[in-house]
Amino acid sequence: MTNKLAVPGPSGDLKTDTTTAGRGKRPRPPLGVSVVSIMAVLIALFSLVPLAYVIVMTAATGWDTAVSLIVRPRVGELLLNTVLLTVVTVPLCLVLGVGGAWLVERTTLVGRKWWAVLLAAPLAIPAFVNSYAWVSAVPSLGGLWSGVLIATLSYFPLVYIPAAATLSRLDPAIEQSAASLGLGAWRAFFRVVLPQLRVAMTGGGLLVALHLLAEYGAFAMIRFDTFTTAIMVQYQSTFNGTAGNMLASVLVFLCLILLLVEVRSRGSARYARIGSGAQARALRLPLHAYQVPAQLSLIALTGLAFGLPLTFVLRWIIAGGPEIWAAEEFMPALLQTLAYGLGAAVVTTLVAFPMAYLAVRRPSWFSKSLELSNYITSSMPGIVVGLAFVTVSIRMAPSMYQTSALLIAAYVLLFLPRALVNIRSGLSQAPKELDEAAQALGKPPLLAFLRVTLRLTAPAAAGGAALVFLGIVNELTATLLLSPNGTSTLATEFWSKSSEIDYAGAAPYALLMILISAPMTYLLFQQSKKVAGQ
Amino acid sequence: MTDTHPSREARSRLPEPRIAASVATSTNSHLEIDAVTKNFGSQAVLKGVNLSVARGGTTAIVGPSGSGKTTLLRLIAGFEHPDTGSISLNGTKVAGENAWVPAHKRHVGYVAQDGALFPHLTVGQNISFGLDPAKLPGGRRGVKERVAELLDMVSLDPGMAKRRPHQLSGGQQQRVALARALAREPELMLLDEPFSALDAGLRVATRRAVGQVLKDAGVTTILVTHDQAEALSFADQVAVMRGGKLAQIGNPFVVYTRPADRATAEFLGDAVILDAWMEGSLATCSLGGIPVRRPPAQGRVQLMLRPEQIRISEDGPIRGTVVDTDYFGPETTVRLQLPVPPVLAAGAIPDHRYPGGGEIITIRHWNASIARPGTELRLRVVGEAVAFPVDEQPSP
């Protein structure tokens with residue numbers, strides 16, 4: 001007698017069939033896909049300009065000169081500073097980000113709705129404004145540990161937001177299964193929940209690390225030397241010196257190492273939820289006696305990360321009185337910041353779409369290499385993108401030098417991954433089965449795509465665009481290098497004022513940046529939840 | 001497990017065999033699949049599939065997972081291109097050499113395994129997704145009425161139109177998906193394991209309701225399933241798929257009682273397989289002499305009987321000793337050891353196959369109390385057996 005249990009279940013069957021279908025070689029790819037592929041290739045090639053610049057410059061320098069410029073105590077010191085900063089700050093951000101997300105999403109934390117927003121709030125304060133406020137509070141700040149303090153407080157939300165979104169989406173059934181297998185709450189968290197957060201943690205951790213490598217203003221303000229601050233000093237003194245280029249190539253090398261780590265740990269699982277029926281509500285762990293310590297830690301964390309900078313910006317504004325509010329000075333900066341932010345956010349979203357589409361719907365070595373090329377570019381610090389665009393435009397297209405188009409192109413390259421990550425996750429929430437269902441209902445592929453996939457991806461894409469906008473409002477380094485003559489943004493005006501120790505004069509710009517960023521941060525936070533299906 | 005037992009459902013069909021209606025001729029055929037192959041990379045998923053589906057008929061494509069049945073359905077829907085071969089709908093080639101009609105122009109209804117309802121739309125918006133208000137009498141109002149009509153057709157309350165897909169149960173989602181596919185009045189409906197995500201009771205009820213709706217609408221239906229009982233009860237033509245090929249196509253009664261090979265026999269239901277010696281149309285085995293229709297060979301063969309063909313009977317000619325039993329409530333499966341067959345003595349079948357005595361078979365009986373281990377029962381075989389050439393290996 002045969003055993004009918006030997007026939008595997010239906011779910012495995014469907015998944016096997018659809019994944020092979022997605023991976024399969026197609027003899028006749030639809031026209032739309034090849035157009036998308038060509039666009040993606042062009043974008044990828046364009047995006048490799050900064051990396052090509054660094055490689056060409058290093059090659060042109062010659063081996064002996066390069067070695068003599070790289071192997072020296074100054075570089076060793078910068079390397080030590082940068083590596084120490086990264087290995088201390090990233091784990092701190094992971095602990096704070098995941099811990100905060102877990103408290104908010106998985107425990108009976110009192111006021112968790114407020115905490116959920118407050119923990120994302122520090123993202124509205126640019127790191128260099130944070131640094132400015134801390135220097136105002138403690139003028140003696142300087143060196144590695146000050147850098148760690150400011151960077152951690154500025155960047156932990158980059159881990160918190162994706163972690164909270166993932167936790168809120170996570171099927172509570174898997175935690176319940178872990179409990180039924182005899183795991184206590186803590187062990188269940190470490191063995192079941194934490195692995196599910198892998199994507200959020202590696203992605204968030206990578207973002208934090210790249211920010212650390214790229215940040216100029218925050219560390220310059222506390223006189224902590226990293227590669228980026230050193231390159232800027234070189235650039236300001238020698239414009240396009242070989243020494244600066246060599247530092248840039250080491251910096252790029254560090255970024256590439258980080259990328260390698262992330263690419264290896266990202267995995268290739270499919271994240272679209274296929275199951276039907278309503279998802280069960282998450283069970284929350286009662287905090288009991290831990291309620292008070294949890295509240296106190298969150299008060300301390302958000303107080304230091306958000307309360308303190310805001311307080312000191314406001315103190316400078318009060319101290320500065322009415323004369324710091326000269327409209328003819330800050331109105332142009334405000335309008336130009338908004339214009340650049342909106343323009344580049346739209347362009348970046350459009351540019352990211354083909355790439356994200358190929359990555360999710362047609363995963364292959366081709367789409368992976370395209371995406372990788374973009375990640376490589378996006379890891380390029382603003383200073384490197386700025387240097388590359390300055391040099392390339394002067395040598396190859398002088399008419400482009402110091403134009404808004406060039407600055408927007410630099411913004412697109414710098415913030416493409418933000419848009420990409422969001423659109424990717426949005427697309428993977430819109431399984432292709434839905435597109436097919438629409439086609440079976442008589443909608444041509446393009447219309448089906450617009451009415452189903454694009455509609456379902458729109459919130460995530462909007463979230464990505466908001467993130468890009470947020471990045472541009474707070475971008476300092478590339479803007480300093482590339483902005484056309486007469487252009488001032490909130491960030492560059494803030495920087496020139498605070499560099500002249502006019503802390504009161506810089507305060508309105510800081511406040512405006514925070515005010516613009518705040519609703520964007522809130523929107524981003526909301527979108528991350530919606531994308532995750534809440 | 002027991003409520004989807006294939007044999008019992010098949011048994012209930014025994015009085016009315018519908019063999020004549022089984023094979024569709026090309027003249028009234030709705031769908032014609034001709035020598036279709038499909039590879040994904042180096043993996044051959046379909047290795048030359050031929051299938052003809054009659055207008056208004058119900059065909060089930062049944063097979064184990066990975067056999068290529070979902071791929072076949074996706075080719076019919078137009079979500080994939082065949083590598084070679086062709087697919088015709090209503091005599092028009094829709095896929096094949098120099099022919100391609102995209103999915104949205106095939107006018108084929110499709111219900112996916114999980115329903116694939118659009119999460120951003122209400123139930124009503126989902127159902128009216130494929131409708132063109134300009135072509136309906138009454139415009140937007142007409143759409144509303146049509147949605148209510150369709151909801152009624154799938155036995156859902158019209159008030160559900162305002163709900164969101166995630167507020168529905170799995171069975172309700174499936175019904176909405178069906179209503180959505182029916183909205184455009186397709187002549188051909190493709191169902192990709194639409195009931196497999198539902199629990200057993202709901203599965204049977206939903207399957208029946210869906211089958212009735214489609215039958216009333218006169219829609220040609222193709223159901224893909226891995227559940228043999230579902231295939232046998234739902235369809236009037238069953239196509240058994242294995243390893244990228246259709247192993248057998250026919251009326252459910254025929255494929256169940258006269259499977260083309262041992263693997264098909266074992267996939268479609270429980271099978272008793274015995275060594276036998278074929279002479280003319282009579283096979284001699286541990287159960288005595290059993291008539292075989294169209295024996296494939298003479299001499300050594302493998303004999304296949306369905307368990308329900310072996311009855312416990314006080315004056316039965318064969319003795320069997322109860323080894324053990326498994327109680328399922330309405331019926332009990334009984335494992336019996338048979339005596340060493342006389343053909344063994346004649347040296348026709350090597351005796352190393354029976355180290356501890358005769359062959360062990362499994363049958364079913366309604367009365368658990370008569371079968372205690374060690375009891376000797378008398379058996380009678382009803383009907384004909386099917387013989388397979390002996391070189392066939394059992395399916396893994």
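As recorded in an unreviewed UniProt entry, chain B goes by ABC-type quaternary amine transporter and comes from Arthrobacter oryzae.

Chain A carries the name Iron(III) transport system permease protein in an unreviewed UniProt entry, which gives Arthrobacter oryzae as its organism. Its UniProt record, at the heading Sequence similarities (unreviewed entry), says of chain A: "Belongs to the binding-protein-dependent transport system permease family."

Draft legend 1. Just the UniProt feature "domain: ABC transmembrane type-1" (unreviewed entry) in chain A, in detail. Taking the UniProt record as the reference, the feature "domain: ABC transmembrane type-1" (unreviewed entry) is found at residues 79-264 and 334-524 of chain A. Within residues 334-524 of chain A, the helical portion is 83% and the strand portion 0%, while the C-alpha atoms at the span's ends are 21 Å from each other.

Draft legend 2. Geometry of the pairing of strand β14 (residues 288-291) of chain B. Residue and element names in this part refer to chain B. Where strand β13 (residues 282-285) meets β14, 4 bridges bridge the pair, whose relative direction is antiparallel. When the sheet's bridge partners are listed, A283 is paired in β14 with I290. Hairpin connection from β13 to β14: 2 residues lie between these consecutive antiparallel strands.

Draft legend 3. The arrangement of the sheet that holds strand β4 (residues 84-89) of chain B in detail. Residues and elements named next belong to chain B. Strand order in the open sheet made by the 5 strands is β2-β1-β4-β5-β6, with antiparallel pairing throughout. Two strands close off the open sheet at either side, each with one partner strand: β2 (43-54) and β6 (99-100). By the bridge criterion, 9 bridges tie strand β1 (residues 29-40) to β2 in an arrangement that is antiparallel. Counted as the bridge partner of S29 is A54 from β2.

Draft legend 4. Structural detail: the sheet that holds strand β10 (residues 237-242) of chain B. Residues and elements named next belong to chain B. A sheet is described by the order of its strands in space; here 6 strands give the open sequence β7-β8-β9-β3-β10-β11, paired in mixed fashion. Bordering the open sheet on either side are β7 (108-111) and β11 (245-250), each of which pairs with just one other strand. Each strand axis lies, on average, 15° off the axis of its neighbour in the sheet, ignoring direction. With 4 bridges joining them, β7 and strand β8 (residues 188-192) adopt parallel strand pairing. If you follow V111 over to β8, its bridge partner there is L191.

What counts as what
Sequence order sets the numbering: in each chain, residues are counted from 1 along the sequence as written. Written order determines the labels here, with chains lettered from A and ligands numbered from 1. Predicted model: local features are reported for residues with pLDDT of at least 70 only, side-chain atom pairs are reported and counted for 80 or more only, and whole-chain, interface and lining totals are derived from all residues. UniProt positions are given in the numbering used here, feature names are shortened, and annotations may be inferred rather than shown by experiment. Counting from the N terminus, the helices are DSSP H or I runs at least four residues long and the strands are E runs at least two residues long. Strands are treated as partners if at least two bridges between them are detected by DSSP. Whenever a helix is involved, its axis is fitted only over the stretch in contact; in every case the axis is a line through C-alpha atoms, and angles between N-to-C directions fall within 0 to 180 degrees.

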